[in-house]
Amino acid sequence: MSETMKPRILLIGTGDTKADELLFMSDRIARAGGEPVMMDISVLGDPPYRPQHDKHAVAAAAQTTTAAVAASGDENSAMSLMARGATNLARELTERNEIDAVIAIGGTMGTDLALDVALVLPLGMPKLIVSTVAFSHLIPPERIAADLMMILWAGGLYGLNGTCTSVLSQACGAIVGAARNAVRPKQDRPVVAITSLGKSCLNYMVELKPQLERRGYEVVIFHTTGMGGRAMESIAAQGGFAAVLDLSLQEVANQLTGSVVNSGADRLENAGKAGIPQIVAPGAIDMIDFPAWLSTPKELADRPFHAHNRLLASATSSPDDRRRIARAIAAKLAQARAPVAFVLPAGGIQQWDREGEALHDPEGLAAFVSEMRTAIASPVELHELKEHINSPVFVERVLQIFDRWVAAGIVPAGQATAAA
């Protein structure tokens, strides 16, 4: 967007209960150089202003009426219908190039609706939610868009005050600034996703990234500590990758064993559903994460333990849990609508499982490898290596599979660059 243009900011909220806040935000957006475009998602009342997109337009976008919404049963069913309408309307406005960014305000009800809206908007369109439950575990990972911004609506339960206007003014300035400065993905080269952890745990991306870039691909690496995998899944669901190298599946193991450090129940599923080819490996599936500032969970108290920092710690899962994780991985991959290759490094799956390291557990590794051999079934390709996942042999095998798929037309060929 040209810096001389006014970015059009879609402002979403319940105008019947939050008129003061929404009018304040509209004014701050205008003062920051933006053009507010208001969408009212009220159900029962009417706002004391005329929004560009009123509640009747929102209901109509859900193929219903406000009267039907109000009579639908309860506040949950009513807001679910309004969420459907707001989502459809926001998508239409985006497709018609009538908005440049979205900001929404709400408690749990407004946040619930706004999360749906954010998920359907394209990557690179600024989206910000001002919420009384921002950063809360009430919000499941799968509801969070890849590039969603959130700010806690401190002091925002009822009416304006100095605390909440400070937050609202920051949010309005942030969304206008983001709309002016956002750089949308260029999409001039096919994009390949890689999942990994930090180099001290998994280091294959150090070699894979330049190798794939030399082949003409843009490489995007996702940190699999919960939200990183969620971002990858969100983009994959929209068909945003030419191929996915999902080589770190710790979030799958975390979700299956009840850890809060997970990416949702659909982790390792969206690329396959979208028909994106996948090369998969079990990087770090033996580590179960938990907050380092809490006591070690009782079920992990006698397991090998490693603290990464003051936020995150890990303990190894039991052999039985690893067999269960192996079966779950195989079941997810069996649903894929595009080719899948599973690379199984029998020599180890993360740096700290080596002999002499804190998470060395040969019995658990053997249980996983044995179960994986049995669980993977055609048409998923199984490539077993005797080496460790951090060995050059692992990188070579991943690249061999990738190059074979490019030659076969399964993965689109990379785009040559001037530097190449």
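In what follows, the accompanying structure is described. Quick caveat, the model's predicted, so the values are computed rather than measured. Think of each chain on its own: its residues are numbered from 1, step by step along the sequence as written. Since the coordinates come from a predicted model, pLDDT governs what is reported: local features require at least 70, and pairs of side-chain atoms require 80 or more to be given and counted, while whole-chain, interface and lining totals use all residues. Calculated side-chain values reflect all of the structure's heavy atoms, with hydrogen atoms and water omitted.

**Some remarks on the overall build of the protein chain**
Inference 1: Under the DSSP-based scheme used, a helix requires at least four consecutive residues in state H or I and a strand at least two consecutive residues in state E, with every element numbered from the N terminus. Helix and strand counts for the protein chain stand at 13 helices and 14 strands.
Inference 2: Here the globule rule reads 2.2 Å times residues to the power 0.38, and the radius of gyration is calculated from C-alpha atoms. In terms of overall dimensions, the protein chain is globule-like: its C-alpha atoms have a radius of gyration of 24 Å, near the 22 Å expected for 420 residues.
Inference 3: Along the longest, intermediate and shortest principal axes, the C-alpha atoms of the protein chain span 70 × 55 × 35 Å.
Inference 4: Burial classes follow relative accessibility: with a 1.4 Å probe on protein chains only, a residue under 20% of its type's maximum area counts as buried, one over 50% as exposed, and anything between as partly exposed. Within the protein chain, buried positions represent 53% of all 420 residues.
Inference 5: Taking contacts inside the protein chain between residues at least 6 apart in sequence as the whole, the part at least 24 apart equals 72%.
Inference 6: The Shrake-Rupley method, run with a 1.4 Å probe sphere, supplies the accessible areas, and residue values consider only the shown protein chains as cover. With the model as given, the accessible surface of the protein chain reaches about 18300 Å², and the carbon-plus-sulfur share is 52%.
Inference 7: His is not counted, nor are the chain ends; Lys and Arg add positive charge and Asp and Glu add negative charge. We put the charge of a Lys on NZ, of an Arg on CZ, of an Asp on CG and of a Glu on CD. Separation between the mean location of the 37 positive side-chain charges and that of the 45 negative ones in the protein chain comes to 3 Å. In what follows, a contact means two residues having at least one pair of non-hydrogen atoms within 4.5 Å.

**Focus on the packing of aromatic side chains**
Inference 1: Put simply, two rings from Phe, Tyr or Trp (the six-membered ring, in Trp's case) pair if the centres are within 6.5 Å, and we call them stacked under 30 degrees between planes, edge-to-face over 60, tilted for the rest. The final tally for this structure, using the stated rule, is four aromatic pairs.
Inference 2: Both rings, one in Tyr 204 and one in Phe 394, keep their centres 5.7 Å apart while their planes meet at 50°; by these two values the pair is tilted. A residue pair is termed long-range when its members are at least 10 positions apart, and Tyr 204 in the loop between β6 (191-196) and α7 (205-214) and Phe 394 in helix α13 (residues 392-407) qualify at 190 residues.
Inference 3: With a centroid separation of 5.1 Å and an interplanar angle of 80°, the aromatic rings of Tyr 217 and Phe 402 are classed as edge-to-face. Of this pair, Tyr 217 sits in the loop between α7 and β7 (218-223) while Phe 402 sits in helix α13, and the two are 185 residues apart along the sequence.
Inference 4: The exposure class assigned to Phe 402 is buried, which follows from its relative accessible area of 1%.

**Section: the packing of helix α11 (residues 319-334) against helix α12 (residues 362-375)**
Inference 1: Only C-alpha atoms enter the line fits that serve as axes; for helices the fit covers just the stretch in contact. Angles between N-to-C directions range over 0 to 180 degrees. Where α11 meets α12, the axes come as close as 8 Å, and the angle between the chain directions of the two elements is 30°. Taken together, α11 and α12 sit at an angle that is classed as roughly parallel. Here the hand of the crossing between α11 and α12 comes out right-handed. Contact with α11, carried on its side by Pro 319, Arg 322, Arg 323, Ala 326, Arg 327, Ile 329 and Ala 330, involves Glu 363, Gly 364, Leu 365, Ala 367, Phe 368, Glu 371, Met 372 and Ala 375 of α12 and no other residues of that element. Working definition: roughly parallel below 35 degrees, roughly antiparallel above 145 degrees, roughly perpendicular at 65 to 115 degrees, and oblique for all remaining angles. Here is the rule for handedness: rotate from the far helix to the near one, and if that takes an anticlockwise turn smaller than a right angle the crossing is left-handed, while a clockwise turn gives right-handed.

**Considerations on helix α8 (residues 227-237)**
Inference 1: Of all 11 residues that make up α8, nine are buried, and the element is covered over most of its length.
Inference 2: Considered for burial, the residues of α8 that qualify are Gly 228, Gly 229, Arg 230, Ala 231, Met 232, Glu 233, Ser 234, Ile 235 and Ala 236.
Inference 3: Looking at the packing, one finds that the buried side of α8 touches α5 (108-120), β6, β7, β8 (243-248), α9 (250-256) and α10 (270-273).

**Looking at the sheet that holds strand β12 (residues 312-316)**
Inference 1: If you trace the three strands from one edge of the open sheet to the other, you get β10-β12-β11, paired in antiparallel fashion. Sheet topology places β10 (287-291) and β11 (305-307) at the edges, where each strand pairs with a single neighbour. Direction aside, neighbouring strands of the sheet carry axes that sit 25° apart on average. Should DSSP find at least two bridges between two strands, the strands are taken to pair.

**Regarding the environment of Glu 98**
Inference 1: One can find Glu 98 in the loop between α4 (75-95) and β3 (101-106).
Inference 2: A sequence separation of 66 residues divides Glu 98 from Ala 32, and the C-alpha atoms of the two residues are 19 Å apart.
Inference 3: For Glu 98, the contacting residues outside a window of four places in its chain are Arg 8 and Leu 93.
Inference 4: Polar contact criterion, stated in full: a pair of N or O atoms within 3.5 Å, where within protein one must be able to donate a hydrogen and the other to accept it, and residues adjacent in sequence count only if both atoms are side-chain atoms. At 2.8 Å, the side chain of Glu 98 and the side chain of Arg 96 are in polar contact.

**Focus on the nonpolar core**
Inference 1: Buried Ala, Val, Leu, Ile, Met, Phe, Trp, Tyr and Cys residues form a nonpolar core when they are joined through side-chain atoms within 4.5 Å. Among the nonpolar cores identified, the biggest contains 37 residues, and Leu 10, Ile 12, Met 39, Met 82, Leu 113 and Leu 148 are the most heavily contacted of them.
Inference 2: Broken down by secondary-structure element, the contributors of at least two residues to this core are β1 (8-13), β2 (35-40), α2 (55-61), α4, β3 and α5.
Inference 3: Counting residues per element, this core draws most heavily on α4, at nine residues.
Inference 4: In contact with Leu 113, not counting residues within four places along its chain, are Ile 12, Ile 41, Met 79, Met 82, Ala 83 and Ala 86.
Inference 5: Tyr 217, Trp 352, Leu 359 and Val 395 belong to the second-largest nonpolar core, a separate cluster that totals 32 residues.

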